6 protein chains.
Amino acid sequence: MYYHDKRLQYPVRVETPDPLFARQLQQAIGGVEGEIRVCLQYFFQAWGARGPHTKYRDMLLHTATEEIGHIEMLATAVAMNLETAPLTLQESAAEANPVVNAVMGGERPRHVVEGMLQRHLLSTGLAAMPTNADGVPFDCSHVYASGNLAADMYANVTAEATGRTLAVRLYNAAHDPGMKDMLSFLVARDTMHQQQWLAAIEELGGAAALPIPNSFDQAMERQDFSYVFLGTDVTGAPPPEGRYTAGPSMDGKGQFSVLQNTPLGEVPVLGPAREGSGAQAEQIGKPAGR
Amino acid sequence: MYYHDKRLQYPVRVETPDPLFARQLQQAIGGVEGEIRVCLQYFFQAWGARGPHTKYRDMLLHTATEEIGHIEMLATAVAMNLETAPLTLQESAAEANPVVNAVMGGERPRHVVEGMLQRHLLSTGLAAMPTNADGVPFDCSHVYASGNLAADMYANVTAEATGRTLAVRLYNAAHDPGMKDMLSFLVARDTMHQQQWLAAIEELGGAAALPIPNSFDQAMERQDFSYVFLGTDVTGAPPPEGRYTAGPSMDGKGQFSVLQNTPLGEVPVLGPAREGSGAQAEQIGKPAGR
Amino acid sequence: MYYHDKRLQYPVRVETPDPLFARQLQQAIGGVEGEIRVCLQYFFQAWGARGPHTKYRDMLLHTATEEIGHIEMLATAVAMNLETAPLTLQESAAEANPVVNAVMGGERPRHVVEGMLQRHLLSTGLAAMPTNADGVPFDCSHVYASGNLAADMYANVTAEATGRTLAVRLYNAAHDPGMKDMLSFLVARDTMHQQQWLAAIEELGGAAALPIPNSFDQAMERQDFSYVFLGTDVTGAPPPEGRYTAGPSMDGKGQFSVLQNTPLGEVPVLGPAREGSGAQAEQIGKPAGR
Amino acid sequence: MYYHDKRLQYPVRVETPDPLFARQLQQAIGGVEGEIRVCLQYFFQAWGARGPHTKYRDMLLHTATEEIGHIEMLATAVAMNLETAPLTLQESAAEANPVVNAVMGGERPRHVVEGMLQRHLLSTGLAAMPTNADGVPFDCSHVYASGNLAADMYANVTAEATGRTLAVRLYNAAHDPGMKDMLSFLVARDTMHQQQWLAAIEELGGAAALPIPNSFDQAMERQDFSYVFLGTDVTGAPPPEGRYTAGPSMDGKGQFSVLQNTPLGEVPVLGPAREGSGAQAEQIGKPAGR
Amino acid sequence: MYYHDKRLQYPVRVETPDPLFARQLQQAIGGVEGEIRVCLQYFFQAWGARGPHTKYRDMLLHTATEEIGHIEMLATAVAMNLETAPLTLQESAAEANPVVNAVMGGERPRHVVEGMLQRHLLSTGLAAMPTNADGVPFDCSHVYASGNLAADMYANVTAEATGRTLAVRLYNAAHDPGMKDMLSFLVARDTMHQQQWLAAIEELGGAAALPIPNSFDQAMERQDFSYVFLGTDVTGAPPPEGRYTAGPSMDGKGQFSVLQNTPLGEVPVLGPAREGSGAQAEQIGKPAGR
Amino acid sequence: MYYHDKRLQYPVRVETPDPLFARQLQQAIGGVEGEIRVCLQYFFQAWGARGPHTKYRDMLLHTATEEIGHIEMLATAVAMNLETAPLTLQESAAEANPVVNAVMGGERPRHVVEGMLQRHLLSTGLAAMPTNADGVPFDCSHVYASGNLAADMYANVTAEATGRTLAVRLYNAAHDPGMKDMLSFLVARDTMHQQQWLAAIEELGGAAALPIPNSFDQAMERQDFSYVFLGTDVTGAPPPEGRYTAGPSMDGKGQFSVLQNTPLGEVPVLGPAREGSGAQAEQIGKPAGR
């Protein structure tokens, strides 16, 4: 179970509220690279963790719990960036509003609204929401918790790699010193979290523990295709040489090679449509309308 | 641009059609671990590839093109497994149908229908569709193409790790020798594809090239938090020791340590609700109804 | 604006309630081939109808309004089919319930529940919901109203063609005489609606009015590709002969021909990744970590 | 920010694992009536709370944090109910597996699988996921945080009313004493949470503070329609009498009355389709193909 | 079944078309606070209404039918606001178009397009669509019809409370007198509908009929937790005092109290991963690769 | 199976990159009228094709394969249009960047960003993604493959009719000569594809083969309603005369007529709510709280 502290994990300050930056920050809340995703992903991995390694369950709970605080920081930052957003499209009314006139150095209010998520105005009362920067709600199909510990650790590296890439892009786009400061912290945490999941992968055996899942007897797979790069260039040209075209495989269990892909199967033949299946009569091979 | 061959990449045979297995195979077509996802993911990564490394664009095109053929094999397998599915809930009619009676060793037709995706009966004429095994359509938010090559390679490892885990589970669930044979091939291809993306990561510098993105000057992040595991256990108990709690970091640029998480920020204070923002009068600090 | 009559457009009777058939009927309510879709599609086409042909706006309103009544009939049918659904998984409790024991000729209650949409039990109190037969909610991206009258009419033919196919499949699956009677009416209405939209297409000029939109000067398209079937078989084998491989085109404005597809473009070259774009340093061509 | 305790808020015990009940429990995790929804809803309301009433922000944080623990309990219960789920469709293999044979008192394994969410087998390694009981992922558009405190409190009452209804249905469906015990606790918490939000509404003025939002001057609305029940029965029959057809309105600001709805507007006339808008030529009033 | 009148329920006039306001109006059509939602919600509640109170079924049909007319008014308003929207990004072409030059007092056409929903230009021919103001299609999971009459009435109050809040925000944002007039009517109808559902709740017993559902014997819930506010502040600080922290509960069946949340359960222990479940070998406790 | 050629099907050139046009092009990639949709639709129709007419399977494979190349062209065009997009909201930094200053003839960078899909900046590194022009990801429920050949052909006509309408709108909006050239090719291909599916419909019997599906004996439908236009105007006014109100039906099997819609059914009566179904006690007809 869980507890809260009303204070934030790290200070959130905004000197010059910017509704467009509020929109961009939404990607870090409800985007697929964002914090709701990692928070729920680490929680569901922890809650479903099976096996003797309860240490990973414990570790996941620590970090999942930290991530709630990151959503909180970002949601606070969005609300602060929206504080002076125009509420009207009427130029005259807006001009009469000194708060709005201060928005973004004299920008016309109408233009500010054009760049906003309209739901920030219409649905939230100038606050954050669990959507991405283009207004698409987060959907939980992005919560990866496969029941395979190694697969999950790679999913977590991916989440933090795309997450830090996003945080860096936001840092570069930002102009407010408070926002840059907040993002410098979040970038650092993403650095650690990348390291953390990679360290767990090393503990689990690293490359030698591949392929994932390692509980399947490789004698049951078609091993003549397990380390072969299949080329599909219509001219038969192989791919440019790479670590994956020759030499020992990463797991040390095979040798990479290259082969042009060719059909091993035949043209598939499905049975005809069945009586009563709603197909056209021609597909069934019967007279129409009977 | 692209070409097709009417033959399949690998033979697809079904001796005993099983509508429930058709349902399970859908996960490998339209599930987040499935083939539509990797196919589109590799294509979009290729089509958006920037930078001098055109070799990765080329490589991605080879493998993306191979994946179309995997969707094709699985779609064929689903259609074959549905060939004898009951079309009616009427026991008597079904009993009179020798095709249906042959389904799954005397199973009552009604029970067979209960375990099916209803849209296999009602929407497709007994064929595959781009949904997962519980009927949820694939949505393309799962196509990861971040513009960061290293992040994308980890996303690809993840896709193939969860993909091979799925293929192994399907292999274990399958009872038809044709299906086991087809899956033994797909498992092998997933083995190779895991290797391939990890090989690309090694080429790109491996752990030494971390953190992702490596084009951001780490001096700009709060480096005192870049290699620190933050604990959130309310008792202050640190996580069990692991590779990530002490010792050199994976990228060789820091030392792991553990710290109990504490608030560095204050209780956030948002501005009051603004006049005209649709809040309750109390939130604005004005009399109601004015 | 709109009015209602509490009576149904056509009688809905269920002699033997069947929760599995209730599930199947959901496809006709909230499936992409279903009635919510056509209802909203015709309404949005009507509400956005532009141009001198107000007759189509009028016609669409008639039929859209009829479709509300079809959703109502189907929703009623779902509720009636759910009336005796088991509420518990406990065999003993269920056995003690004569209502439940009457379900589907002695079927074990637990099996009945296995084939149900669980939300029929858990979310609706045994009533219809706006989802398809596998529980996926209808989403309004399926409402086609393109602003092009001819395109919309074809969209409507499609909706009624897949709709009647679905209604026929439900008729074939049904065992209850009341349900068969209701579906015989809905199938007939789908017959008419197919006819109706095709009649409108004829009025709009039929094939001679193609291509859609006919307000674009064809001199501005690459007309050397306007009536050419492009083959993509890697062997260069053309498609089997058909109406579309030779002879006059359907619109009478060209001659069909067949050509093997070949690249007219070059290998695309994108600019390198830009500084600050979050790519790997290698993609930008700068040292890492700066 | 947040902390965790590894122990559960309330004991979770399962004597007889049941994969079908695991499926039903998913509705309480990822359904619209479920715990992810209330958890995120209360958090986003707290994080966006504006106005002098910081007490509501504080209150919301307490309860949102409690709800994380409810998701955790339910996720644990799902994993426990899946422990003996069959992994194969092969009857013979299943028969040889004593664990599987113990499932649900001799049920054939194949039948057990038919009633399961397939992703419990294929995607999670027998653990919970953030979807509803029919496999649809939770999407965060269901997080209501409107910026209007009173509207949000009613949204919370609704969430807990549908939530307790769901919990009661699960209690009734359950057969395991451990599950009944856990649900008796969750039902009680939903009782409290209904009370809590209604108490907040009373504090905010109750009915006298209506309509929501109360910051809009009612002189600006068409008050002749503010307390009128508009009838749409085509026969002109009014609705059966109710508290809402006559007498003082709930807010004490008007008198209820009943009126038959009639059009106050005219037939709408939109402008013709514009040149270049992609309509048919007839809609634009120009010759085709120009 | 249903009938239509070609005239609108209330006049819709637009003097100065504004594509940005067209975008904002979409929230009232296809947003979660919008009219499609309430329309379908009231219909599905009516069509599934069970029990002796047929009066509520009747009442719901009246209001659901009214709501169709509201969607129609708003869709008409969107089309009218789009009438002069630029169709091109070419400044020169736009400058040559006097209609476009009249848009919004000399605004550059390109800027107008930047603030639009692109699908208004590209997908609809300048008409309304069933999406929200950020382009997300309405999805019917938002249709609440729980089978519990009281829960549904609260859901309806919520819908009309957020709906009126939205209508007020649109009124405040609007600059066109025709639009303000139309919205003054819709705001009034939302006032009535809030009243109507609250009146129904009073009829059903009001607070005394709580908790919802009232058909569950409260002796079966853990009543020691039914009226207790559980605090989760890590410092143990209780929430600020409120109506919900002490005194009689709203339903008169208990006394509110406050308690610090503490774990009553233990650390959960799941069984190990099973052979064949696709986990890593370590999770199963077997050697890798077997 | 499939092969690729690294060259594009048709040249893609961009002289003046325009991030707003990049956004508009997304509709042709991931919109419901776009190329991912037709590509997957034709593939799934081919892979599920049943019946003696293998020629249609073959034809579908040719065209589906061509469509992959169209997605590729458009994705390339999006990336090229994004090449000079601003990465920052900081006016000063942007002004110092000559690349950005060249954007769209002196446009302020901030304005350019306001009109962009934010995910083009934040999620893709300036490349295409599988979403529509308002950022909504493509979801595969739009892949129509009904198992009925004629219904599918109409679905394909619809897809190409809305697709060509979209391509024409993009052509009209475009200002870059390279983009106009690319679109002139895509418009031409849509012309052909409309023709192709209509030619297939003619081969399948055209109007005489209606209604779809033609494998259902029309004697089983309520034929007295099969060719009747049902009017729903509350005044009883019939629709304006049209091809569908009188004369022979399109399929030559009936005569069109017009009839005012009237209820043939009665007011529906559902059974009362059941004990244990979670309804209010009043709905069950029992005392509350028992």
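Residues numbered from 1 in each chain as written. Chains lettered and ligands numbered in written order. Predicted model: local features only at pLDDT ≥ 70, side-chain atom pairs only at ≥ 80, totals over all residues. Heavy atoms only, no water.

- Where an unreviewed UniProt entry is consulted, chain A appears under the name Catalase, with the organism given as Teichococcus rhizosphaerae.
- Quoted verbatim from the Sequence similarities (unreviewed entry) field of UniProt, the annotation for chain A is "Belongs to the manganese catalase family." (UniProt positions renumbered as here; feature names shortened; annotations may be inferred.)

1. Re the sheet that holds strand S4 (residues 255–260) of chain C
Across a sheet, strands are paired by hydrogen bonds formed along the backbone, either parallel or antiparallel in direction.
Part 1: As summarised here, the arrangement of the three strands in space is S2-S4-S3 (chain C), forming an open sheet in which the pairing is mixed. Whereas interior strands pair on both sides, the edge strands pair on one side only; in this sheet they are strand S2 (228–231) and strand S3 (247–248) of chain C.
Part 2: Relative to S4(C), S3(C) runs antiparallel, the two being bridged by two bridges. By the bridge assignment, C:Pro248 is partnered in S4(C) with C:Gln255.
Part 3: The strands touched by helix H9 (residues 177–203) of chain F within the sheet are S2 and S4 of chain C, with S2(C) carrying the most contacts at an inclination of about 95°. (Pairing = 2+ DSSP bridges. Helix = DSSP H or I, 4+ residues; strand = E, 2+ residues; numbered from the N terminus. Contact = heavy atoms within 4.5 Å. Axes fitted to C-alpha atoms, helices over the stretch in contact; angles between N-to-C directions.)

2. Here's the deal with the packing of aromatic side chains
Part 1: Considering all chains together, one arrives at 51 aromatic pairs over all chains under this definition.
Part 2: Between the aromatic rings of C:Tyr2 and C:Phe43, the centroid separation amounts to 5.4 Å while the plane-to-plane angle is 85°, which identifies the pairing as edge-to-face. Here C:Phe43 lies in helix H2 (residues 35–47) and C:Tyr2 lies in strand S1 (residues 2–4), a separation of 41 residues in the sequence.
Part 3: The exposure class assigned to C:Phe43 is buried, which follows from its relative accessible area of 2%.
Part 4: Measuring from ring centre to ring centre gives 4.9 Å for D:Phe225 and E:Phe185, while their planes differ by 75°; the resulting arrangement is edge-to-face. Of the two residues, D:Phe225 is situated in the loop between helix H9 (177–203) and strand S2 (228–231) and E:Phe185 in helix H9 (residues 177–203); the pairing between them involves two chains. (Phe/Tyr/Trp six-rings, centres within 6.5 Å; stacked < 30°, edge-to-face > 60°. Buried < 20%, exposed > 50% of the residue type's maximum accessible area, 1.4 Å probe, protein only.)

3. Some words on the interface of chain C and chain F
Part 1: Taken together, the contacts link 111 residues of chain C with 112 residues of chain F.
Part 2: The largest share of the area that chain C buries against chain F comes from C:His62, C:Tyr244 and C:Arg274, three residues that together contribute 8% of it.
Part 3: One can count four salt bridges joining chain C with chain F.
Part 4: F:Arg164 serves as the salt-bridge partner of C:Glu221, at 2.5 Å between the closest nitrogen and oxygen.
Part 5: Taken together, the connections running from chain C to chain F amount to 60 residue pairs in polar contact (both at pLDDT 80 or more).
Part 6: Of all elements in the fold, only helix H3 (54–81), helix H8 (149–173), helix H9 (177–203) and S2 of chain C reach the threshold of two or more residues within the side of chain C that touches chain F.
Part 7: Take the side of chain C that touches chain F: its biggest share by element is 15 residues, from H9(C).
Part 8: Within the side of chain C that touches chain F, the residues separate by chemical class into 55 nonpolar, 33 polar and 23 charged. (Buried area = accessible area lost by both parts, 1.4 Å probe. Salt bridge = Lys/Arg side-chain N within 4 Å of Asp/Glu carboxyl O. Polar contact = N/O pair within 3.5 Å; in protein donor to acceptor, adjacent residues only side chain to side chain. Nonpolar A, V, L, I, M, F, W, Y, C, P; charged D, E, K, R; others polar.)

4. Focus: unusual backbone geometry
Part 1: Geometrically, the link from A:Leu210 to A:Pro211 is a cis peptide bond, its omega value of -5° lying close to zero.
Part 2: One non-glycine residue with positive phi stands out, namely D:Leu126, at about 70°.
Part 3: Position of D:Leu126 relative to the elements: it lies in the loop between helix H7 (118–122) and helix H8 (149–173).
Part 4: The exposure class of D:Leu126 is buried, given its relative accessible area of 2%.

5. Describing the relation of the copies chain C and chain F
Part 1: Overlaying chain C with chain F gives an RMSD of 0.0 Å, the required rotation being 180° about an axis along which the chain moves by 0.0 Å. Classification of the inter-copy transformation places it as that of a two-fold axis.
Part 2: The residues that chain C uses at the interface reappear at the interface of chain F in 100% of cases, marking a shared surface. (Least-squares fit on C-alpha atoms with pLDDT ≥ 70 in both.)

6. Thoughts on the pattern of salt bridges
Part 1: Counted by the stated rule, this structure contains 78 salt bridges over all chains.
Part 2: In this structure, C:Lys6 engages E:Asp58 in a salt bridge whose closest nitrogen and oxygen atoms are separated by 3.1 Å. With C:Lys6 in the loop between S1 and helix H1 (19–30) and E:Asp58 in helix H3 (residues 54–81), this pair bridges two chains.
Part 3: In this structure E:Asp58 comes out as buried when scored by relative accessible area, which is 11%.
Part 4: Taken together, the shared-partner salt bridges connect A:Asp18, F:Arg110 and F:Glu114 into one network.

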